[in-house]
Amino acid sequence: ISILKKFLDNKNINIEQNIFWKILDSLDNKYGLLEKELDKINEFSSNNIDDELIEKIICKNSGDTNKIFFELLKSNEEIKNIFNRKITNQNELTDFFISTKILCNIIINSADEFSFSQNIPRYLFREKIFFISIFKKYNLDKKRMLINLLINAERDLRKNSGLSLAVGLRFFLNLRRITIS
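Residues numbered from 1 in each chain as written. Predicted model: local features only at pLDDT ≥ 70, side-chain atom pairs only at ≥ 80, totals over all residues. Heavy atoms only, no water.

## So, the packing of helix H5 (residues 76–86) against helix H10 (residues 164–180)
Here is step 1 of the chain: The interhelical angle for the contact between H5 and H10, taken along N-to-C directions, is 145°, at an axis separation of 11 Å. Our pair here, H5 against H10, has a crossing hand that is right-handed. Only Leu 165, Gly 168, Leu 169, Phe 172, Leu 173 and Arg 176 of H10 make contact with H5, whose side of the interface consists of Asn 76, Ile 79, Lys 80, Phe 83 and Asn 84.
Here is step 2 of the chain: Of the residues belonging to the contact of H5 with H10, the class tally is six nonpolar, three polar and two charged. (Axes fitted to C-alpha atoms, helices over the stretch in contact; angles between N-to-C directions. Helix = DSSP H or I, 4+ residues; strand = E, 2+ residues; numbered from the N terminus. Left-handed = near helix turned anticlockwise from the far one by under 90°. Contact = heavy atoms within 4.5 Å. Nonpolar A, V, L, I, M, F, W, Y, C, P; charged D, E, K, R; others polar.)

Here's what the structure looks like:
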C-alpha cells in the first residue's frame, strides 16, 4: 500500500479510491514485477485512469481467482462471464477450487458468527462483511449440501480433466444455488 501511495504521490497521479484498490489488487507482490507494472501506470498517467485501463495495462494476477468467490451473489450470467474471463486454464481452476474450498471449510467448521469472524483470514479484511453475510445464509442442512458439493466437485475435477473448466463453472453455480436457496 505504501509503495503504491508513494509512487502515485511522486508522479503526481491522482486516482479515485476504488481505482487505487483495484490497482493494489492487480499488482504483483514481487518487487521487480511491481516496479514494471507501476511504470506502465506512469506511461498512461496523462490519460484518465479507470477500471478498463487498469485491466488492459496491468498483467492478470493469478491471485485474482480467489476473488471470484466474492461474486457469489451475482446473477448466473454475470458469474459465467467473470468465471470465463478469469479462469482460462487448469492451473487457474485449481487455484480457484482450492481457495474456494478453504473459504467453504471456514463456513462449514464455524458454529456461530463470532467463531466464523475469528476464522476469517486477515487478508480478506475488505471482504469480511460480505463473507459474514454469506455465512449467515448457511444452516446445518446447507452445510451438509456444501460438503457433498465439495466432495462431488473434487471427484469430478479429478476424473474429467478435459472438462475441468465446465466442471468448475458448474461447481460454482451450484455453490451459488445452495447459498441463495
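## As for H5
A turn of α-helix holds 3.6 residues, and therefore any two residues three or four places apart point the same way.
Here is step 1 of the chain: Buried residues of H5: Ile 79, Ile 82, Phe 83 and Lys 86, and no others. Looking straight down H5, one finds its buried side chains confined to an arc of 100°; they lie on one side.
Here is step 2 of the chain: In the core, the buried residues of H5 are packed alongside helix H6 (90–109) and H10. (Buried < 20%, exposed > 50% of the residue type's maximum accessible area, 1.4 Å probe, protein only. Arc of directions from axis to C-beta.)

## Observations regarding the pattern of salt bridges
Here is step 1 of the chain: With the rule as written, the count across this model stands at seven salt bridges.
Here is step 2 of the chain: The partner of Arg 158 in a salt bridge is Glu 154, with the nearest N and O atoms 2.7 Å apart. Residue Arg 158 and its partner Glu 154 are both found in helix H9 (residues 140–159); the two are separated by four residues, about one turn of the helix.
Here is step 3 of the chain: For Arg 158, a relative accessible area of 65% puts it in the exposed group.
Here is step 4 of the chain: In this structure, Arg 155 engages Asp 156 in a salt bridge whose closest nitrogen and oxygen atoms are separated by 3.3 Å.
Here is step 5 of the chain: Assessed through its relative accessible area of 38%, Arg 155 is described here as partly exposed.
Here is step 6 of the chain: It is possible to trace a salt-bridge network through shared partners that takes in Lys 101, Glu 154 and Arg 158. (Salt bridge = Lys/Arg side-chain N within 4 Å of Asp/Glu carboxyl O.)

## Observations concerning the side chain of Asp 156
Here is step 1 of the chain: With respect to the secondary-structure elements, Asp 156 resides in helix H9.
Here is step 2 of the chain: Contact partners of Asp 156, with chain neighbours within four places excluded, come to Val 167 and Arg 170.

## Observations regarding the confidence of the model for the chain
Here is step 1 of the chain: For the chain, the mean per-residue pLDDT works out to 83, and 83% of the residues sit at or above 70.
Here is step 2 of the chain: The secondary structure element of the chain with the lowest average pLDDT is helix H4 (residues 51–57), at 65, and the one with the highest is helix H8 (residues 128–136), at 95. (pLDDT = per-residue confidence, 0-100.)

## Notes on the environment of Lys 101
Here is step 1 of the chain: Structurally, the position occupied by Lys 101 is in helix H6.
Here is step 2 of the chain: Sequence-wise, Lys 101 and Leu 150 are 49 residues apart; in three dimensions their C-alpha atoms are separated by 7.1 Å.
Here is step 3 of the chain: Discounting chain neighbours no more than four positions away, the residues touching Lys 101 are Leu 150 and Glu 154.

## Notes on the nonpolar core
Here is step 1 of the chain: Of all hydrophobic cores here, the largest spans 36 residues; its most connected members are Phe 69, Ile 107, Phe 131 and Leu 175.
Here is step 2 of the chain: Elements with a minimum of two residues in this core: H5, H6, H8, H9 and H10.
Here is step 3 of the chain: Examining the composition of this core, we find that eight residues originate from one element, H6, more than from any other.
Here is step 4 of the chain: Residues within four places of Ile 107 in sequence aside, it is in contact with Phe 69, Phe 116, Phe 131, Ile 134, Phe 135, Tyr 138, Lys 143 and Leu 146.
Here is step 5 of the chain: With 10 residues, the next largest nonpolar core counts Phe 7, Phe 20, Ile 41 and Ile 49 among its residues. (Core = buried A, V, L, I, M, F, W, Y, C linked by side-chain atoms within 4.5 Å.)

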